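# Remarks on the overall topology
Below, each chain spelled out in residue letters.
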Amino acid sequence: MSSDLGQCDLAIVGAGIVGLAHALAAARAGLSVTVLDREAQANGASIRNFGFVTVTGQQAGDTWRRARRARDIWVEVAPKAGIPVLHRGLVLACRRPEALLVAEQFAAGPMGEGCRLLSPADMAGFGVFAEGLAGGLHSPHELRVEPRIALPKLAAWLAAEYGVRFLWRTHVREVAPPRIETSAGTLRAARAVVAPCNDFLTLFPEAIAAYRPVRCKLHMLRLPDPGWRLPAAVMSDLGLVRYLGYAEAPGLAALRARLEAEQGAALADGIHLIVVQSADGSLVVGDSHHYSDTPDPFMPGGVDQRILDEARAVLRLPNDTAPIERWIGEYPSAAGPAFIAAPLPEVRLAMVTSGTGMSTAFALAEETLNSLIGLPIPDAAE
Ligand SMILES: Cc1cc2nc3c(=O)[nH]c(=O)nc-3n(C[C@H](O)[C@H](O)[C@H](O)COP(=O)(O)OP(=O)(O)OC[C@H]3O[C@@H](n4cnc5c(N)ncnc54)[C@H](O)[C@@H]3O)c2cc1C
């Protein structure tokens, strides 16, 4: 006979940032919430990312709107949950005049609000950038948390503050409210949210397949403390051609053409530079993007080298800098940035199908709860 795991208003499958964001929105709406995860603690995309909550550069429309709302929730929740915000803002370091032109065009548009252009002298003044940059763009909108610290703290705070119950080491094999069938027994829940990230096959595989997701593998590196402190998260020319928020800039085609001529191998590896700093001064540096149904587990050295080359071209790194840690991350990728599906009337499937979950999940969760229980979406008209 299957063990009785009790009951709740809402069961959430997945304790990554998408699952936890739904737990917050539901608990604040007064629902009793149980989060189930097959792992002993969050171990997926949500602890492997940069912890970079990004607004500037996000695709116009849903992603940009969600990113602004979710950033505000991070600002509110991080101190309550004891999650340090390690730095704020973004400096887009432009190596080439073509990149600076794209930055200028972006800054002049509606999504450039609050951003300001940086001269070569401004860049030199930070004391962290390599010589010879064409200039840069500063955005004040971003923040950075340490994901491997933030996720456990967020879960602990949700439990302490809202009584959210966590069932770890619990594989969910069927979601059919009021029955949630798991490896540990049966939970009774009136409704459920499924946030399984890159598990496309266990729960509602047909509903997931409709979005045609594939898996994206990313290389990540950690470099030792370079002896200086970043003024903000750092990106470079390669990010301008990858982040969809810059897509409308008329100068983008010229930048892309120059990058194809000069950094074709980096583009082929889907490399764009993000550098953020941790409390101990070490730098998290990435990343690459390789897409397949089953990503292999290998990390070719050439990919890491190209990421490092870009970091060196932008930052004043010591000559002997070498990675002190490397890891692979993975997220689902599909045509749209995220989806909320309703495979059953009382179930929602929530999946971020782009590299934006840390930046958007809190807002996506409000939309899911709107669709599931009619919860009003705060700031939706903004
Ligand atoms: C290297 C890397 C860098 C990134 N950089 C950024 C960034 O800078 N900014 C940004 O906004 N986003 C970034 N992202 C994207 C972001 O990390 C993801 O969008 C987000 O973490 C997805 O959250 P999730 O909760 O869906 O996934 P996960 O954190 O993977 O959580 C899913 C959970 O579901 C559980 N699960 C699945 N199926 C079951 C089941 N049947 N039963 C029980 N448990 C189950 C898994 O065990 C897992 O814990 C990055 C991602 C990677 C990999």
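Keep in mind it's a predicted model, so treat the numbers as computed, not measured.

### A closer look at helix 1 (residues 17-28)
Helix length check: helix 1, at twelve residues, gives a terminal C-alpha distance of 16 Å against a target of 16 Å (1.5 Å per residue), a fit within 8%. Within helix 1, burial applies to Ile17, Val18, Gly19, Leu20, Ala21, His22, Ala23, Leu24, Ala25, Ala26 and Ala27. Within two residues after helix 1, Gly30 carries a phi angle of roughly 95°, on the positive side.

### Notes on unusual backbone geometry
At the junction of Pro177 and Pro178, the peptide bond is cis and its omega measures out at 10° in the coordinates. Following Gly286, the chain continues to Asp287 via a peptide bond in cis, the omega torsion being -10°. Within the element layout of this structure, Asp287 appears in the loop between strand 14 (283-286) and strand 15 (290-292). Backbone geometry at Arg169 places phi at a positive 55°, although glycine is not the residue there.

### Observations regarding the domain arrangement of the protein chain
Domains assigned within the protein chain are domain 1 (4-47 + 148-210 + 336-373) and domain 2 (88-142 + 214-333). Placing the centre of domain 1 and that of domain 2 at their C-alpha centroids yields a distance of 31 Å. With ten residues of domain 1 in contact, the opposing surface of domain 2 contributes nine residues. Between domain 1 and domain 2, roughly 750 Å² of surface is buried when both sides are summed, and carbon and sulfur atoms account for 55% of that area. Contact with domain 2 buries area across many residues of domain 1, yet Arg148, Asn198 and Phe200 alone supply 53% of it, more than any other trio. Taking the shortest distance from any N to any O, the salt bridge between Arg148 and Glu325 comes out at 3.2 Å. Counting across the interface, domain 1 meets domain 2 through three residue pairs in polar contact (both at pLDDT 80 or more). Within the side of domain 1 that touches domain 2, the residues separate by chemical class into five nonpolar, four polar and one charged.

### Section: the packing of helix 4 (residues 97-108) against helix 9 (residues 252-262)
Contact geometry of helix 4 with helix 9 gives a least axis separation of 9 Å together with a crossing angle of 150°. The pairing of helix 4 with helix 9 is recorded here as roughly antiparallel in orientation. Between helix 4 and helix 9 lies a crossing whose hand is left-handed. On helix 9, the residues touching Pro97, Glu98, Ala99 and Val102 of helix 4 are Leu252, Ala254, Leu255 and Arg258. Residues of the contact of helix 4 with helix 9, tallied by class, amount to six nonpolar, no polar and two charged.

### Quick look at helix 12 (residues 357-373)
The end-to-end C-alpha distance of helix 12, which contains 17 residues, comes to 22 Å, matching closely the 24 Å that a straight helix rising 1.5 Å per residue would cover. Of all the bends in helix 12, the largest measures some 30° and sits at Ala363. With respect to burial, helix 12 is a largely interior element, 14 of its 17 residues being buried. After helix 12 finishes, the residue Gly374 shows a positive phi value of roughly 75°.

### A short note on the packing of helix 1 against helix 6 (residues 147-162)
At a minimum axis distance of 11 Å, the contact between helix 1 and helix 6 shows a crossing angle of 20°. On the basis of the axis angle, helix 1 is roughly parallel to helix 6. Every pair of crossing elements has a handedness; the one defined by helix 1 and helix 6 is left-handed. Contacts between helix 1 and helix 6 involve Ile17, Leu20, Ala23, Leu24, Ala27 and Arg28 on the former and, on the latter, Leu151, Leu154, Ala155, Trp157, Leu158 and Tyr162.

Reading the values: the criteria
- Residues numbered from 1 in each chain as written.
- Predicted model: local features only at pLDDT ≥ 70, side-chain atom pairs only at ≥ 80, totals over all residues.
- Heavy atoms only, no water.
- Helix = DSSP H or I, 4+ residues; strand = E, 2+ residues; numbered from the N terminus.
- Expected span 1.5 Å × (residues − 1).
- Buried < 20%, exposed > 50% of the residue type's maximum accessible area, 1.4 Å probe, protein only.
- Domains from an automatic or database assignment.
- Contact = heavy atoms within 4.5 Å.
- Buried area = accessible area lost by both parts, 1.4 Å probe.
- Salt bridge = Lys/Arg side-chain N within 4 Å of Asp/Glu carboxyl O.
- Polar contact = N/O pair within 3.5 Å; in protein donor to acceptor, adjacent residues only side chain to side chain.
- Nonpolar A, V, L, I, M, F, W, Y, C, P; charged D, E, K, R; others polar.
- Axes fitted to C-alpha atoms, helices over the stretch in contact; angles between N-to-C directions.
- Parallel < 35°, antiparallel > 145°, perpendicular 65-115°, else oblique.
- Left-handed = near helix turned anticlockwise from the far one by under 90°.
- Bend = angle between axes of the 7 residues up to and from the residue.

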